[in-house]
Amino acid sequence: TWNGGNLAPDRDTTVRRHPEPIAPIVLREGHSHTVFMRVESSGIFYVPVSLVRPDTQWQRDQTGYALRALYFGLALGLFADNVLLYLAIRERVYLYYIACILGLVVSQLANTGLGAQFFWPSQAANGTSLHNGAIALAILFAIQFVRSFLDTAAALPGIDRWLRGTVGLWVLTLLVLPWVDRVTAGLVLAPAGLMTVALLMLTAIAALRAGRPGATYFSLAWATLLVSGALFALLRLGVLPHHPLLA
């Protein structure tokens, strides 16, 4: 019998060895075996199960760590570059971008399990809560970045009112998150994130039509991020099937 998962009593110990729950199974060669698995979750939860040899799992881990290292290395480069730009130029827009990147990095560390493995093993059971809070912060500062970069208050006052209202809702969400359970948090964050992505896409289109400086570069640079955010929200809502690229 094996017991694992974020709420397992020894999760803060096992997570140091691997970010994902891995059950060791000893099978005798030449015999058939039946393995029973019982999964409990308080929310939407995907359980992609695979049976692999230890050496195969090790190879998979190396590939996974390499790909994630590329992602986090790029994020760290963007973070450092914008810190230097802020120190040189002192424009608030860079602070918003820095905060957005930091939120995305923390959310991905929590989502992949790497955060619990390397940074906060004693808080492994709170990985979902950390992920939710970081996502909310990233979205909040992403909206502020868009408002500042495109100067929507002056150029698009009608849309800016919607953006300011959305910022207020995300601030309220951050204040409420610590007091609600994970299921409720997921049901709030996913559709709220999806609607925010739609609003930011409409803002980009309006800025392009208005001929705002930088709108073209903004649309090209943020299109992938916004589409990825929409896909992730649909995954969290259970609309899309599980896929490693989306997870």
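See the structure above.
Please read all numbers here as calculations on a predicted model, not as lab measurements.

**Student:** Would you take a moment to explain helix H2 (residues 54–89) for this structure?
**Tutor:** Note that an α-helix has 3.6 residues per turn; residues three or four places apart therefore point the same way. Along its 36 residues, H2 runs 51 Å from first to last C-alpha, staying within 8% of the 52 Å computed at 1.5 Å per residue. Within the sequence span of H2, burial applies to Gln-57, Asp-61, Phe-72, Ala-75 and Asn-82. Of the surrounding elements, those touching the buried residues of H2 are helix H3 (92–112) and helix H4 (114–118). Two residues or fewer past H2, Arg-90 is found with a positive phi of approximately 65°.

**Student:** I keep staring at the nonpolar core and nothing clicks. Help me out?
**Tutor:** One finds Ile-143, Phe-145, Trp-170, Phe-218 and Trp-222 to be the most contacted residues of the largest nonpolar core, which totals 43 residues. For this core, the secondary-structure elements that each account for two or more residues are H2, H3, H4, helix H5 (127–150), helix H7 (157–176), helix H8 (182–210) and helix H9 (215–236). What Phe-218 contacts, discounting residues up to four positions off in sequence, is Phe-145, Val-146, Phe-149, Leu-150, Ala-204 and Ala-223.

**Student:** Hey, could you run me through the packing of H2 against H3 in this one?
**Tutor:** For any two helices packed against each other, one specifies the crossing angle of their axes together with the interaxial distance. Packing of H2 against H3 brings their axes to within 9 Å, and their N-to-C directions diverge by 160°. Relative to H3, H2 is oriented roughly antiparallel. As H2 runs across H3, the sense of the crossing is left-handed. Of H3, the residues touching H2 (which contributes Arg-68, Tyr-71, Phe-72, Ala-75, Leu-78, Phe-79, Asn-82, Val-83, Leu-85, Tyr-86 and Ile-89) are Tyr-94, Leu-95, Tyr-97, Ile-98, Ile-101, Leu-102, Leu-104, Val-105, Gln-108, Leu-109 and Thr-112. Of the residues belonging to the contact of H2 with H3, the class tally is 18 nonpolar, 3 polar and 1 charged.

**Student:** For this particular structure, what's the right way to read the packing of H5 against H7?
**Tutor:** Here H5 crosses H7 at 160°, and the two axes come no closer than 10 Å. In terms of their interaxial angle, H5 and H7 are classed as roughly antiparallel. Crossing of H5 over H7 shows left-handed handedness. For the pair formed by H5 and H7, the contact residues are Gly-133, Ala-136, Leu-137, Ile-139, Leu-140, Ile-143, Gln-144 and Arg-147 on the first element and Asp-160, Leu-163, Arg-164, Thr-166, Val-167, Trp-170, Val-171 and Leu-174 on the second.

**Student:** Explain the packing of aromatic side chains to me, please; I cannot follow it from the model alone.
**Tutor:** Centre distance and the angle of the planes are the two values used to describe a pair of aromatic rings. According to the stated counting rule, one finds 4 aromatic pairs in the structure shown. Plain terms: the ring middles of Tyr-71 and Phe-72 are 5.1 Å apart, the flat faces sit at 80° to each other, and that makes the pair edge-to-face. With centroids separated by 5.2 Å and ring planes inclined at 50°, the aromatic side chains of Tyr-97 and Phe-145 adopt a geometry described as tilted. Taken together, the residues Tyr-97 in helix H3 and Phe-145 in helix H5 connect sequence positions 48 residues apart. With respect to class, Tyr-97 is no different from Phe-145; both count as buried. Taken together, the ring pairs connect Tyr-97, Phe-145 and Phe-149 into an aromatic cluster.

Thresholds, definitions, all that
Residues numbered from 1 in each chain as written. Predicted model: local features only at pLDDT ≥ 70, side-chain atom pairs only at ≥ 80, totals over all residues. Heavy atoms only, no water. Helix = DSSP H or I, 4+ residues; strand = E, 2+ residues; numbered from the N terminus. Expected span 1.5 Å × (residues − 1). Buried < 20%, exposed > 50% of the residue type's maximum accessible area, 1.4 Å probe, protein only. Contact = heavy atoms within 4.5 Å. Core = buried A, V, L, I, M, F, W, Y, C linked by side-chain atoms within 4.5 Å. Axes fitted to C-alpha atoms, helices over the stretch in contact; angles between N-to-C directions. Parallel < 35°, antiparallel > 145°, perpendicular 65-115°, else oblique. Left-handed = near helix turned anticlockwise from the far one by under 90°. Nonpolar A, V, L, I, M, F, W, Y, C, P; charged D, E, K, R; others polar. Phe/Tyr/Trp six-rings, centres within 6.5 Å; stacked < 30°, edge-to-face > 60°.

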